Amino acid sequence: MSTPRFLDLPPGVAPQKIETPQGTFAALEAVPVSGVVERWPALLVPGLTGSKEDFIAVLMTLAQSGRRVVAIDLRGQYETPGPDDPAAYTCAALGADVDALAQMVGDGDPVHLVGHSFGGLVAREAVIDGRTKFASFTLMSSGPGPIEGRRANAGKKIMEEAPTLGLEHVWRSRFEPEALADDVPDDIVDFLRKRLLANSPVGLSRMAEQVLTTRDRTDELREIEIPTLVLYGEHDDGWPPDAQSDMAAQLGADCVVVPGAVHSPAVEAPETTAAALVRFWNAAEKHYLDTRSSAV
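Residues numbered from 1 in each chain as written. Predicted model: local features only at pLDDT ≥ 70, side-chain atom pairs only at ≥ 80, totals over all residues. Heavy atoms only, no water.

Participant: Pulling in residues and values, what's your account of the overall build of the protein chain?
Facilitator: Summing up its helical and strand segments, the protein chain has 11 helices and eight strands in all. The globule rule puts the C-alpha radius of gyration for 296 residues at 19 Å, and the 18 Å found for the protein chain is close to it. With 296 residues in all, the protein chain has 55% of them scored as buried. Long-range contacts, defined as pairs at least 24 residues apart, comprise 78% of the intrachain contacts of the protein chain with a sequence gap of at least 6. As presented, the protein chain carries roughly 12300 Å² of accessible surface, and 51% of it is formed by carbon and sulfur atoms. Looking at the protein chain, you have 26 positive and 43 negative side-chain charges, and the mean spots of the two groups are 2 Å apart. (Helix = DSSP H or I, 4+ residues; strand = E, 2+ residues; numbered from the N terminus. Rg over C-alpha atoms; globule rule 2.2 N^0.38 Å. Buried < 20%, exposed > 50% of the residue type's maximum accessible area, 1.4 Å probe, protein only. Contact = heavy atoms within 4.5 Å. Areas by Shrake-Rupley, 256 points an atom, 1.4 Å probe, with all protein chains shown as cover. Lys, Arg positive; Asp, Glu negative; His and termini not counted. Charge placed at Lys NZ, Arg CZ, Asp CG, Glu CD.)

Rendered as structure tokens:
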């Protein structure tokens, strides 16, 4: 799971509830501390065992580029409630939620969409389904098909144990030992436990199943005309870096490898990650405006 290194909200960042036709979603909203909102907004989607707090370290920097930036909890994650219906947690169903959220966040403007890990698979559904015209799409530490390696093994355990043995068991047997072995501060450990136990067990199990069985949709994504960035840590242990690099090449996408980062670049290298996102977003907006001007 992504482990935030701090929980205090930076200046300009505040918790929000976003009402949509799909339901109410918990969010962290960032706006510029100085200056005004003059660029298109961004929507950030977390991974399987994560939450909006995974983006705390980048929110202020991203907003200072002149944007409203919103990080959310998916349906059934942490502070966003979800039903006990497994059908609500497929990538397609969650992608429809992202569509609804983007339309509320954009309020008529295109939205830059970022999906981390499992969130990238969900966001990919929203891009491909065509319900929303996005300004750009970033796959952050998210590959073309099923997750691999030790994270796949962890996903299998979650899928099997969450609905039967409960989330307290998942915490005690897996996540707590990992946090303690990594010397995570007590306040962060308390948050990680609170966050995990707040998840929908049905939702977490179904989302784990989705990340383990998703099909490669690179060919379909390539058909969508959207500026795309593939960004990942050089030591990613979820999807092999080579697989993500190959995906970027197939998509004709920009590709950024974050030095020293593993599977959570927004936590492990926030300044590098934020700078790459802002640079990509600015270029996507300039390309849009240049194309529009030349068409007139």
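Participant: Just give me the short version of helix H4 (residues 149–161), but keep the residues and values in it.
Facilitator: In this model, H4 (13 residues) spans 19 Å end to end at C-alpha, consistent with the 18 Å of a helix rising 1.5 Å per residue. All of the buried residues along H4 are Arg151, Ala152, Ala154, Gly155, Ile158 and Glu161. Check the buried side of H4 and you find it contacts helix H5 (167–181) and helix H7 (201–213). (Expected span 1.5 Å × (residues − 1).)

Participant: So what's going on with the pairing of strand E5 (residues 112–116)? Which residues, and what values?
Facilitator: Counting buried residues along E5, five of its five residues qualify, which places the element largely inside the surrounding structure. The sheet contact formed by strand E3 (residues 42–45) and E5 spans four bridges and is parallel. The residue of E5 that forms the bridge with Leu43 is Leu113. Bridging between E5 and strand E6 (residues 136–140) involves five bridges; their strand directions are parallel. Paired with His112 across the strands is Ser136, a residue of E6. (Pairing = 2+ DSSP bridges.)

Participant: Give a detailed account of a negative patch on the surface, specifying residues and quantitative values.
Facilitator: On the surface, a cluster of negative charge is contributed by Asp8, Asp186, Asp187 and Asp190. Along the polypeptide, Asp187 turns up in helix H6 (residues 186–198). Residue classification places Asp187 among the partly exposed residues on the basis of a relative accessible area of 48%. (Patch = residues over 30% accessible without salt bridge, like charges linked within 9 Å, V, L, I, M, F, W, Y side chains within 5 Å. Salt bridge = Lys/Arg side-chain N within 4 Å of Asp/Glu carboxyl O.)

Participant: How would you summarise H6 if you had to cite specific residues and measurements?
Facilitator: Given 3.6 residues to a turn, an α-helix orients residues that are three or four positions apart in the same direction. With 13 residues, H6 extends 18 Å between its outermost C-alpha atoms, agreeing within 8% with the 18 Å of an ideal straight helix rising 1.5 Å per residue. Contacts made by the buried residues of H6 are with H5 and H7.

Participant: Please give an account of the sheet that holds strand E1 (residues 13–20) that cites residues and values.
Facilitator: Spatially, eight strands are ordered E1-E2-E4-E3-E5-E6-E7-E8 in an open sheet, and the strand pairing comes out mixed. Looking along the sheet, the strands with just one partner apiece sit at the ends: E1 and strand E8 (254–258). Looking at each pair of strands side by side, their axes are set apart by 20° on average, direction ignored. (Axes fitted to C-alpha atoms, helices over the stretch in contact; angles between N-to-C directions.)

Participant: Run through the packing of helix H2 (residues 91–106) against helix H3 (residues 118–129), naming residues and quoting values.
Facilitator: Where H2 meets H3, the closest approach of the two axes is 8 Å, and the angle between their N-to-C directions is 70°. It follows from the interaxial angle that H2 and H3 lie roughly perpendicular. Between H2, through Cys91, Ala92, Leu94, Gly95, Val98 and Asp99, and H3, the contact on the second element is made entirely by Phe118, Leu121, Val122, Glu125, Ala126 and Asp129. Residues that form the contact of H2 with H3 fall into these classes: eight nonpolar, one polar and three charged. (Parallel < 35°, antiparallel > 145°, perpendicular 65-115°, else oblique. Nonpolar A, V, L, I, M, F, W, Y, C, P; charged D, E, K, R; others polar.)

Participant: Got a sec to walk through the packing of aromatic side chains? Specific residues and values, please.
Facilitator: The relation between two aromatic rings is expressed through the spacing of the ring centres and the mutual angle of the planes. For the structure shown, the criterion picks out two aromatic pairs. Ring geometry for Trp40 versus Tyr288: centroids 5.0 Å apart, planes at 70°, classification edge-to-face. You can see Trp40 sitting in the loop between strand E2 (23–30) and E3 and its partner Tyr288 sitting in helix H11 (residues 270–295), a full 248 residues away along the chain. Residue Trp40 is classed as buried on the basis of its relative accessible area of 15%. The interplanar angle of 90° and the centroid separation of 5.6 Å between the aromatic rings of Tyr78 and Phe191 together place this pair among those described as edge-to-face. You can see Tyr78 sitting in the loop between strand E4 (69–72) and H2 and its partner Phe191 sitting in helix H6, a full 113 residues away along the chain. (Phe/Tyr/Trp six-rings, centres within 6.5 Å; stacked < 30°, edge-to-face > 60°.)

Participant: If you had to explain the side chain of Arg217 to someone new, which residues and values would you point to?
Facilitator: With respect to the element layout, Arg217 can be found in the loop between H7 and helix H8 (218–222). Judged by its relative accessible area of 11%, Arg217 falls in the buried class. The contact partners of Arg217, leaving out residues within four places of it in the chain, are Arg124, Glu125, Ile128 and Pro144.

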